[in-house]
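# Coordinate analysis (summary)
Listed here are the chains, written in short residue letters.
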Amino acid sequence: APVRLVEADEGSCRFAFQFPYNMGSDISEAEATLVWTAGPLAAHEMDPETGEALPHLMGQTFALDVNAAIISLWVDHPHPTSVRVHDVTAALTRTYVCQGAAAHFNRPDWVPTRATPTGVERQASVGNLVAGTCYRIRWRCANEHGWTDWSVPTEIMTEAMRPDTPEDLFIPSL
């Protein structure tokens, strides 16, 4: 599932993510990539020949804490409310336990999918962002058998702020 933007200010954002079904092996790693897509750049942040953002601005990859505390139940789930009491498999039960979500096991208001089996989310933050700038963020995770594909990107926009103080005017003598 894609990340969900929790909040963004002029220099940082906080987002939530959910682990997918682990396919029988604990999820041991997760990472996100933040990509600049539009917004202000200083001259030193652009390639002088192409005018494009420098490579380090085009994509920052950072590790996510796979043991981050569960912060909430995913409330915007794609399935209507349904009651299920007897259809929980052993594999799904293990997934709840592995993801630290055993307390939410067999919730009557959650229909599990492979992309969002437990309905719980964790959060991460990223800083050093530029005000008034559009970014895309996506994530993936891994178990001992390899990495998932990247999620669908989520677009975020940092808040704008007042402009920098202008430089002093220079008036040449006549």
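Whatever comes next refers back to the structure up there.
Source: prediction; values computed, not measured. Residue positions are given per chain, counting from 1 as you read along its sequence in written order. Only residues with pLDDT of at least 70 are given local features in this predicted model, and only at 80 or more are side-chain atom pairs given and counted; all residues enter the totals for whole chains, interfaces and linings. The basis for every side-chain value is the complete set of non-hydrogen atoms in the structure, without hydrogens or water.

## Looking at the overall build of the protein
Our working rule: Each helix is a run of H or I in the DSSP string that is no shorter than four residues. Each strand is a run of E no shorter than two, and both are numbered from the N terminus. For each residue, the accessible area found with a 1.4 Å probe, counting protein chains only, is set against the maximum for its type, and the residue is called buried under 20%, exposed over 50%, and partly exposed in between. Only heavy atoms enter the contact rule, under which two residues are in contact if any of them lie within 4.5 Å. We get accessible surface area from the Shrake-Rupley algorithm with a probe of 1.4 Å; when it comes to residues, only the shown protein chains can shield them.
Counting secondary structure elements, the protein contains two helices and nine strands. The helix and strand sequence of the protein, counted from the amino end, reads β-β-β-α-β-β-α-β-β-β-β. Relative to its full complement of 174 residues, the protein shows a buried share of 34%. Sequence separation of at least 24 residues holds for 71% of the intrachain contacts in the protein that already meet a minimum separation of 6. Of the roughly 10700 Å² of accessible surface on the protein, 56% is carried by carbon and sulfur atoms.

## Some details on the environment of Glu29
Within the secondary structure, Glu29 is located in strand 3 (residues 29–38). Each residue touching Glu29, except ones within four places of it in the same chain, is listed here: Val66, Cys141, Ala142 and Trp147.

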